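Now for the letters of each chain:
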Amino acid sequence: MAEETFSQIGRTEAVRQLFEGTGYSPDGHCTLRVAKGTGSVVNSSVMMTEGIDFDLTYFPLKHLGYKAVIMATGEIYAAMAKPRTLAVRLGISSKLDFAKVRELWEGMTAAAKKHAYAGLSLDLLPSVNGLNISISAMGERLHLTETRRMPAKSMDLICVSGNLGAAFLGMQILEREKQKFLKRKTDRSQPDLSDHKLLVGEYLKPEINPSYVAQLEDAEIIPSYGYFVNRGLADAVKRLVQDSGLGAKIYVERIPFASGTFDLGKQFNIDPISAAFNGGDDCRLLFTIPIGKHDLFRHDFQTFDIIGHLAKPEVGASLVTPEGVELPITAQGWK
């Protein structure tokens, strides 16, 4: 039996069918009210456009939906808040039939469930320029967490939740295989990416541990600042320096890299350090942790890497080489 089209079932019926079996209600309202004195609302939004943020030639729709929710959720966790509601708007072109949109939506609902979103809404709109994804997320930050937050000081630790640069290199692998695929006239077999499964996975289906905020609260380790590293480490560090009014030193030898990163970097003539600082799509959390919590943090949060520390304002944003040379950090999108 042929899959029904949007023109046959209509927008309202399409939304109803997409919600079937998800555990979410299409009539749910994505508003969040927090009782006075108990906490505050944190907002996050993301816009992803086909041809700029993703390529459907090699991006599975279910993975894309999952990743889109992760991209919005990361900012919620960076603010030490817990996800509560999610509003999704999809701009759909004529090349995507209902079955493909359902696949995209399955990835979104899977991510929403994993990160315990209580409310989920969806709107479908026409698009003449491919697929467009807009997501607005809201989270709740406890008042107790806010009151425990201490002002940032020089020598506070700068920590990141996992390896950097892998997603950018994973994308380079997919782009290379895409070009090979387009050049082949007869052989349309799928490439074997098993040797690069980790790096490709970091790009296509990133993950964030949904327990980080609760674990930090339980340990009474409240970061003075938090950032979602999705536009490269340099961007996050520059924002930290701007927001805190302090300097920051990042040490090259402490930056975590995935296995095989440097070998692959040689193949593409890409410096992994440059990929980490400016590559983007890593989906990591960066926190500044009070220096007095160093021992407890190292013991309880071993998945995090301490990559540097805050410094006096005149230091600015600096990258420290193994030889001790301090270089200014630059980031795309900054003057």
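Residues numbered from 1 in each chain as written. Predicted model: local features only at pLDDT ≥ 70, side-chain atom pairs only at ≥ 80, totals over all residues. Heavy atoms only, no water.

Undergrad: Give me the pattern of salt bridges: which residues, what numbers.
TA: Evaluation of the coordinates by the stated rule reveals 18 salt bridges. Here Arg-176 makes a salt bridge to Glu-177, at a shortest N to O gap of 3.5 Å. A salt bridge links Lys-180 to Glu-177; the nearest nitrogen and oxygen atoms lie 3.5 Å apart. Pair noted here: Lys-180 and Glu-177 are both in helix H5 (residues 166-183), with a separation of three residues, about one helical turn. Linked by salt bridges that have partners in common, Arg-11, Arg-89 and Asp-123 make up one network. (Salt bridge = Lys/Arg side-chain N within 4 Å of Asp/Glu carboxyl O. Helix = DSSP H or I, 4+ residues; strand = E, 2+ residues; numbered from the N terminus.)

Undergrad: So what's going on with helix H2 (residues 61-78)? Which residues, and what values?
TA: With 18 residues, H2 extends 26 Å between its outermost C-alpha atoms, agreeing within 8% with the 26 Å of an ideal straight helix rising 1.5 Å per residue. A maximum bend of about 25° is found in H2 at Ala-72. Across the 18 residues of H2, 15 count as buried, placing the element largely inside the fold. A positive backbone phi angle near 60° is found at Met-80, which sits one or two residues after H2. (Expected span 1.5 Å × (residues − 1). Bend = angle between axes of the 7 residues up to and from the residue. Buried < 20%, exposed > 50% of the residue type's maximum accessible area, 1.4 Å probe, protein only.)

Undergrad: Give a detailed account of unusual backbone geometry, specifying residues and quantitative values.
TA: Backbone geometry places Asp-281, a non-glycine residue, at a positive phi of 65°. For Asp-281, the location among the structural elements is in the loop between helix H10 (272-278) and strand S8 (284-289). Here Cys-283, not a glycine, exhibits a phi torsion of approximately 55°, which is positive. Checked against the element boundaries, Cys-283 lands in the loop between H10 and S8.

In short, the description is geometric, and any link to function would need to be established separately.
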